[in-house]
Each structure stands twice: as C-alpha cells, then as structure tokens.
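What follows is the residue order along each chain.
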Amino acid sequence: MKNSQDSRKYLTSNPIKRSLINKFLEEIHLYAKKFQSKTILDIGCGEGFVDKFLLSKNYRYQITGVDISKKAVRAAKKRVSKLSVSVV
C-alpha cells in the first residue's frame with residue numbers, strides 16, 4: 001500500500017524533518033497539558049498520527065477526530081483503536 005503524503009511526513013527518516021515533526025507534536029502536547037484538556041477534538045485528524053502521539057503521553061485523553069477523507073479515517077481507526085473518528 002502506498003503511503004499518503006501525510007503519513008510520509010510523520011514516518012520520514014530525514015533527521016531535520018523528523019526533528020521538526022517531533023517539535024510540532026511536543027508543542028501540541030504542551031498546549032493540551034497547559035489547558036488541562038481531558039477531551040480533544042482533532043479537526044482534520046488525517047491518519048491519526050497526532051492523536052496516537054497524544055495518547056502515548058496521556059492515555060486518559062478522550063479524543064474525537066474528524067476528517068473529510070474516508071481513506072484517512074480508516075487508517076486512523078487502525079492506527080489508534082481508542083480514537084473516536086468519523087468522516088465529515
């Protein structure tokens with residue numbers, strides 16, 4: 001199966017891109033912690049990479065993801081079993 005552009009971004013082996021993606025993910029986590037979020041709505045969740053990362057930091061998050069791509073939503077459901085996700 002061909003990786004989407006979104007998944008290639010998160011799965012890159014390029015050290016500079018990897019560093020930037022990791023910084024992006026950590027920033028999102030810091031905001032969730034700062035606002036003491038328990039529930040998160042991820043609009044444009046894509047294939048669930050951000051949601052999987054957040055749940056790895058705090059498994060108690062209740063995350064709902066939405067995306068316009070049926071293919072991305074299917075991939076997100078496979079990647080993150082705890083994610084409530086739907087196509088809009």
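Residues numbered from 1 in each chain as written. Predicted model: local features only at pLDDT ≥ 70, side-chain atom pairs only at ≥ 80, totals over all residues. Heavy atoms only, no water.

Enquirer: Would you take a moment to explain the pairing of strand β1 (residues 39-43) for this structure?
Expert: If a strand is regular, its side chains alternate between the two faces of the sheet. Burial along β1 is one-sided: the residues Ile40 and Asp42 are buried and none of Thr39, Leu41 and Ile43 is. In this sheet, strand β2 (residues 62-67) lies alongside β1 in parallel orientation, the contact comprising five bridges. Along β2, the bridge assignment pairs Thr39 with Gln62. Remark: the β1/helix α3 (residues 49-57)/β2 crossover connection has right-handed handedness. (Buried < 20%, exposed > 50% of the residue type's maximum accessible area, 1.4 Å probe, protein only. Helix = DSSP H or I, 4+ residues; strand = E, 2+ residues; numbered from the N terminus. Pairing = 2+ DSSP bridges. Right-handed = clockwise from strand over helix to strand, strands pointing away.)

Enquirer: Please clarify how the nonpolar core should be interpreted in this entry.
Expert: Across soluble globular proteins, nonpolar side chains have a tendency to be buried as a group. Tyr61 and Ile63 are the most contacted members of the largest nonpolar core, which totals 18 residues. Top element by residues in this core is α3. It accounts for five residues. (Core = buried A, V, L, I, M, F, W, Y, C linked by side-chain atoms within 4.5 Å.)

Limitation: the analysis is restricted to geometry and does not speak to function.
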